[in-house]
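Residue strings, one per chain:
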Amino acid sequence: MALREDFLWGGAVAAHQLEGGWNEGGKGVSVADVMTAGANGVARRITDGVLTGENYPNHEAIDFYHRYKGDIALFAEMGFKCFRTSIAWTRIFPNGDELEPNEEGLKFYDDLFDECLKYGIEPVVTLSHFELPYHLVTEYGGFRNRKCIEFFVRFAEVCFKRYKDKVKYWMTFNEINNQANYQEDFAPFTNSGIKYEEGENREEIMYQAAHYELVASAKAVKIGHEINPHFQIGCMIAMCPIYPHSCDPKDMMMSVGAMHKRYWFTDVHVRGYYPSFMVKFFERQGYDLDITEQDEEDLLDGTVDYIGFSYYMSFCTKYQRENPNYDYDETADLVTNEYVKASDWGWQIDPEGLRYSLNWFYDHYQLPMFIVENGFGAIDVKEADGTVNDQYRIDYLRAHIEAMKAAVDIDGVDLMGYTPWGCIDLVSAGTGEMKKRYGFIYVDKDNEGNGTLERSKKKSFEWYKKVIASHGEDL
Ligand code: BGP
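Per chain, residues are indexed from 1 in the order of the written sequence. Residues qualify for local features only when their pLDDT is at least 70, as the model is predicted, and side-chain atom pairs are given and counted only at 80 or more; totals for whole chains, interfaces and linings, by contrast, use all residues.

- As recorded in an unreviewed UniProt entry, the chain goes by Glycoside hydrolase family 1 and comes from Coprobacillus cateniformis.
- Its UniProt record, at the heading Sequence similarities (unreviewed entry), says of the chain: "Belongs to the glycosyl hydrolase 1 family." UniProt positions are given in the numbering used here, feature names are shortened, and annotations may be inferred rather than shown by experiment.

Remarks on the site of the ligand
Right, on to step 1. By definition, a residue lies near a molecule or strand when the C-beta atom built from its backbone is within 6 Å of it. By nearness alone, 15 residues border the ligand, and A14, G377, S428, A429 and G430 come closest of all.
Right, on to step 2. Charged residues are taken to be Asp, Glu, Lys and Arg, nonpolar residues to be Ala, Val, Leu, Ile, Met, Phe, Trp, Tyr, Cys and Pro, and polar residues to be all remaining types, Gly included. A per-class count over the shell around the ligand returns 5 nonpolar, 7 polar and 3 charged.

Observations regarding the packing of helix α14 (residues 391–409) against helix α15 (residues 459–469)
Right, on to step 1. Note on geometry: axes are lines fitted to C-alpha atoms, helical ones only across the stretch in contact, with angles between N-to-C directions running from 0 to 180 degrees. The secondary structure listing takes helices from DSSP runs of H or I that are at least 4 residues long and strands from runs of E that are at least 2 residues long, numbered from the N terminus. Where α14 contacts α15, the two axes come as close as 9 Å, and the packing angle between them is 25°. If you check the angle between α14 and α15, you find them roughly parallel. α14 and α15 meet at a crossing whose hand is right-handed. Contact residues: Q391, R393, I394 and I401 in α14; K459, S460, W463 and V467 in α15.
Right, on to step 2. Per-class residue counts for the contact of α14 with α15 are 4 nonpolar, 2 polar and 2 charged. Roughly parallel means an angle under 35 degrees; roughly antiparallel, over 145; roughly perpendicular, 65 to 115; everything else is oblique. Less than a right angle of anticlockwise turn of the near helix away from the far helix marks a crossing as left-handed, whereas a clockwise turn marks it as right-handed. Two residues qualify as being in contact provided that their C-beta atoms, derived from the backbone, are within 7 Å of each other.

Points about unusual backbone geometry
Right, on to step 1. Even without being a glycine, F130 presents a positive backbone phi close to 55°.
Right, on to step 2. In this scheme every C-beta is placed from the backbone, and a residue whose C-beta has 20 or more other C-beta atoms within 10 Å is buried, one with 12 or fewer is exposed, and one in between is partly exposed. Given 27 C-beta atoms within a 10 Å radius, F130 is considered buried.
Right, on to step 3. Even without a glycine there, the phi angle at Y326 is positive, about 55°.
Right, on to step 4. Looking at where Y326 falls in the secondary structure, it is placed in the loop between β8 (315–317) and α12 (330–333).
Right, on to step 5. On the basis of neighbour counts, which here come to 19 C-beta atoms within 10 Å, the residue Y326 falls in the partly exposed class.

Describing the environment of D329
Right, on to step 1. Among the structural elements, D329 can be located in the loop between β8 and α12.
Right, on to step 2. By the C-beta count within 10 Å, which is 15 here, D329 ends up partly exposed.
Right, on to step 3. Residues D329 and I424 lie 95 residues apart in sequence; the distance between their C-alpha atoms is 34 Å.

Observations concerning the nonpolar core
Right, on to step 1. In this structure, I87, F155, I237, F309, M369 and M404 are the most contacted members of the largest nonpolar core, which totals 133 residues.
Right, on to step 2. Per-element tally for this core: the top contributor is helix α8 (residues 202–227), with 11 residues.
Right, on to step 3. Ignoring anything within four residues of it in the chain, the contact list for M404 reads L354, L358, I371, L415 and Y418. Buried Ala, Val, Leu, Ile, Met, Phe, Trp, Tyr and Cys residues form a nonpolar core when they are connected through C-beta atoms within 7 Å.

The following block contains the structure:
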């Protein structure tokens, strides 16, 4: 059999994208709560604080906060072995900088994890998934401030202690490497919560924040292992491999430069120190980052147990400007790959890229891996009889599972599990839309926030159930 006996089939979500109940149970305001909906190519807007009269999709989301029992029963019906979610930091520390946690928030996750365990579903938990307490932004400037290390570590420690007998699989920061590509104001796809001032060197500030996050992650990993040596604590990387556009050696070197720039975060998480090319890059740029000797020790002491990663698409780069150092820039150096098609949102569909990614990670790090996100965001149509024929989603997932099996079977990579993203429809992180759906379970709610929130099974529900039951054999 190709896949491990204990392979973790399941699904993935993040608290802010499905829970709702944004101001219930003593919860504080997170960065996700102050973001408006985007739509039709319009980006989400970040408001200063919480206003009224706007559509804030994360406030209610799909009301999982009140409906999680029914939803978990549906996951159990599909045969999930695990369920990946995040703990909303603001349920535990509403402002982020308190000394004592909020008991009601802790209790919510006790109940949620118990409900999973009742069905034999392992919770897989991300600590920070784009939902930093908003107070840490206004008071401290987010992760540009070293103090956020202490706040995050306190939050992590409280969670590790409280759930040490319920949760074995953890991840620290979701898609930590995203920030390398989104240096706009307060990007929705990062955990850093940075607001930039006019005239600042955004890149330098971003690298500083990333360093603090990496130290915070390492310190949390170390404490976690002390609390429970059986914990498996991973990093979480957004993986979009960047191919060379051609076999022109310059294109190849652009691809090397691009992979360095996007994935060095993994080196620090796994090896506990910065790779040489980043040290040189900081020198070249004249970036004098606040990296202390204690930080260097902390990084070495808190290396991760596995590599969790998301995979949706691949990219392609070409040498097309004067760039002797092959310094990759996401806006200047990407080109279309004519060999792959794209989704309605322009995300290139490339199953072979998943096999490539698994090989790339395994060649570099020889650590177990966990595909904690993969999926197809699409506009689903509910037929008059209530069915949703999402054959395109089945086709996408089937092709990716085949690629993943080839990486295990033929290439011999060590893979722990697979949790498709948005196993139940939820709010899109990038656009704030409801209509960009990923789920096996349809949720009756539209972009404007109207709908009954009723759940129903899509065609892919029965298909995924069969995939899990056959351990990935019947695709
Ligand atoms: C990843 C995030 C998720 C999720 C997913 C899909 O980057 O970790 O939170 O949202 O992408 O993106 P989107 O929701 O924009 O379609």
